[in-house]
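What follows is each chain in one-letter form.
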Amino acid sequence: MNAKMETMDLSNPDSTIVPSVGECERVSLREFCNEAPAVADIRVIAGADGLDKRFLTSDRIQKLGLALTGFNTYIHTGRIQMIGQSEFSFLADLTDDQRREAIASLPTNSISCFLVTKGLSAPQELFVVSNEHQIPLVSTPLVSSRAISSISEYLQRRLAQNITLHGVLIEIQGIGVLITGESAIGKSECALELITRGHRLVADDAVQIKQIGNCLEGAAPELTSEFLEIRGLGVVNIRELFGISAVCSNINIDLCIELTRWEDGLSFERLGIDKLEHNILGIRLRKFLLPVRPGRNLTTLVETAVKLFLLERTGANPAIELTKRHDKLLQQNMA
């Protein structure tokens with residue numbers, strides 16, 4: 001599989017991958033209206049000419065209340081501007097001239113769209129501004145709190161920072177395990193044997209990673225989903241060979257295992273006191289560095305690394321336990 005991807009230096013535990021901001025990290029208002037959760041039932045009621053010209057770049061939703069009073073310093077470009085019951089009540093108390101002035105004074109160049117909640121009828125002045133400045137005016141039947149919850153969740157996933165890394169992603173005992181290493185080192189073969197042991201394939205060769213909050217979510221590109229490339233066998237469809245239970249569409253990545261060639265002169269962790277970490281999109285993952293050479297059972301080593309990772313989560317540390325036992329024996333012998 002010849003996938004164009006962004007790679008990271010896994011030999012450096014302190015290296016960080018930070019993607020450049022691009023079109024993948026903004027959503028046009030047309031895309032938003034087409035993709036928003038069905039429960040939000042987003043409908044365009046004015047400013048349709050701006051659907052392809054205005055964009056969302058933040059998952060934050062801003063209430064328009066203060067801006068309507070003339071305090072519009074903190075209007076943030078790229079956010080949805082929400083007009084709920086409190087804003088409608090404020091506008092209803094104004095005279096026609098005051099209402100027209102309040103809406104006309106809004107910084108239209110900084111506003112991506114207006115969102116009216118509860119299915120309320122937007123004031124005519126808002127229709128005028130939306131159409132004149134090509135700012136989409138959309139509505140939802142949801143109350144403000146529910147609209148914020150559902151739309152923010154959608155935008156958080158849609159605008160998530162993302163990268164594509166070379167590797168294999170496997171689900172083992174509920175843990176998302178990212179297996180990396182140079183080409184032809186045996187990542188896919190290891191994944192195949194893990195699948196035969198009941199674990200699930202998420203992605204092979206190219207792993208798409210999104211930062212969702214404080215988590216990293218991994219998935220396969222649509223083109224290679226459910227496929228695994230094995231040298232000598234070619235490309236195989238895991239779902240067709242092993243059944244639907246052998247594949248997983250996406251999973252949070254918790255652990256990184258790097259496979260590296262065992263060469264003379266290289267030193268590897270013997271006790272496990274010093275724990276390796278790797279930084280992806282600012283999130284640090286526990287990492288194991290496994291040397292590869294003929295005769296080593298990589299599948300068993302990967303499964304054991306996962307079990308050790310789960311044990312570490314409970315606070316246990318065999319290396320420290322061994323060190324304490326060793327110190328205790330030395331003290332006894334010196335007594």
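Residues numbered from 1 in each chain as written. Predicted model: local features only at pLDDT ≥ 70, side-chain atom pairs only at ≥ 80, totals over all residues. Heavy atoms only, no water.

1. What to know about the pairing of strand S17 (residues 283–292)
Stage number 1. For S17, the buried fraction is high: 8 of the 10 residues fall into the buried class.
Stage number 2. Across 7 bridges, the pairing between strand S15 (residues 250–261) and S17 is parallel. Each residue of the ladder has a partner; that of Cys256, found in S17, is Lys287.
Stage number 3. When strand S16 (residues 276–280) meets S17, the two strands line up antiparallel, connected through 5 bridges. Note that in S17 the partner of Asn279 across the bridge is Arg284.
Stage number 4. Hairpin connection of S16 to S17: 2 residues between the antiparallel strands, including Leu281 at a positive phi of 55°. (Buried < 20%, exposed > 50% of the residue type's maximum accessible area, 1.4 Å probe, protein only. Helix = DSSP H or I, 4+ residues; strand = E, 2+ residues; numbered from the N terminus. Pairing = 2+ DSSP bridges.)

2. Digging into the packing of helix H4 (residues 96–104) against helix H5 (residues 124–133)
Stage number 1. The contact between H4 and H5 brings their axes to 9 Å, and the two run at 30°. Regarding the angle of H4 to H5, the classification is roughly parallel. Handedness of the H4/H5 crossing: right-handed. Contacts between H4 and H5 involve Asp96, Arg99, Arg100, Ile103 and Ala104 from the first element and Glu125, Leu126 and Val129 from the second. (Axes fitted to C-alpha atoms, helices over the stretch in contact; angles between N-to-C directions. Parallel < 35°, antiparallel > 145°, perpendicular 65-115°, else oblique. Left-handed = near helix turned anticlockwise from the far one by under 90°. Contact = heavy atoms within 4.5 Å.)

3. Brief notes about the packing of helix H7 (residues 187–196) against helix H9 (residues 298–313)
Stage number 1. At a closest axis distance of 9 Å, the pairing of H7 and H9 adopts a crossing angle of 70°. Between H7 and H9, the angle falls in the class roughly perpendicular. Here Cys190, Glu193 and Leu194 of H7 lie close against H9, whose contacting residues are Leu298, Thr299, Val302 and Glu303.
Stage number 2. Residues that form the contact of H7 with H9 fall into these classes: 4 nonpolar, 1 polar and 2 charged. (Nonpolar A, V, L, I, M, F, W, Y, C, P; charged D, E, K, R; others polar.)

4. Re the nonpolar core
A general feature of soluble globular proteins is that nonpolar side chains tend to end up buried together.
Stage number 1. Among the nonpolar cores identified, the biggest contains 29 residues, and Ile179 and Ile257 are the most heavily contacted of them.
Stage number 2. Mapped onto this core, the elements with two or more residues apiece are strand S9 (162–172), strand S10 (175–181), H7, strand S13 (227–230), S15, S17 and H9.
Stage number 3. Contacts of Ile179, omitting those with residues within four sequence positions, involve Gly167, Val168, Ile170, Lys187, Cys190, Leu194, Ile257, Leu259 and Val302. (Core = buried A, V, L, I, M, F, W, Y, C linked by side-chain atoms within 4.5 Å.)

5. Concerning the sheet that holds strand S5 (residues 61–63)
Stage number 1. The 5 strands lie next to each other as S3-S8-S7-S6-S5, forming an open sheet whose pairing is mixed. On the outer flanks of this sheet lie strand S3 (43–46) and S5, each paired with one strand and no other. Ignoring which end each strand starts from, the neighbouring axes of this sheet average 35° apart.
Stage number 2. Strand direction decides the pairing type here: S3 and strand S8 (residues 137–139), joined by 3 bridges, are antiparallel. Within S8, the position partnered with Arg43 by the bridge is Ser139.
Stage number 3. Along the sheet face, helix H3 (residues 85–92) touches S5, strand S6 (80–83) and strand S7 (113–116) and points at about 65° away from the line of S6.

6. A look at the pattern of salt bridges
Stage number 1. Here the structure, examined in full by the defined rule, presents 18 salt bridges.
Stage number 2. Arg284 is the salt-bridge partner of Glu277, the closest N and O atoms lying 2.7 Å from each other.
Stage number 3. Accessibility expressed as a relative area gives 36% for Glu277, which makes it partly exposed.
Stage number 4. For Arg284, a relative accessible area of 42% gives the class partly exposed.
Stage number 5. One network of salt bridges, in which partners are shared, links Glu31, Glu35 and Arg158. (Salt bridge = Lys/Arg side-chain N within 4 Å of Asp/Glu carboxyl O.)

7. A look at H5
Stage number 1. Buried residues of H5: Glu125, Leu126, Val129 and Ser130, and no others. Take H5 and look down its axis: the buried residues cluster within an arc of 135°, on one side only. In H5, those exposed residues whose orientation departs by more than 90 degrees from the buried face are Gln124 and Glu132.
Stage number 2. Looking at the buried positions of H5, the neighbouring elements they touch are S3, S6, H4, S7 and S8.
Stage number 3. One or two steps after H5, the chain reaches Gln134, where phi turns positive at roughly 55°. (Arc of directions from axis to C-beta.)

8. Focus on H7
Stage number 1. The set of residues buried in H7 consists of Lys187, Ser188, Cys190, Ala191, Leu194 and Ile195. Along the axis of H7, the buried residues cluster in a sector spanning 155°; they form a single face.
Stage number 2. At the C-terminal side of H7, Gly198 shows a positive phi close to 105°.

9. Focus: unusual backbone geometry
Stage number 1. Residue Asp41 is not a glycine yet carries a positive backbone phi of 45°.
Stage number 2. Of the residues examined, Asp41 reaches a relative accessible area of 32% and is grouped as partly exposed.

10. Focus: the environment of Ser144
Stage number 1. Summarising the element assignment, Ser144 is placed in helix H6 (residues 144–158).
Stage number 2. The exposure class assigned to Ser144 is buried, which follows from its relative accessible area of 16%.
Stage number 3. Separated by 28 residues in the primary sequence, Ser144 and Val116 place their C-alpha atoms 8.7 Å from one another.
Stage number 4. Those residues in contact with Ser144 that lie beyond four places of it in its chain are Lys63, Met82, Gly84 and Thr117.

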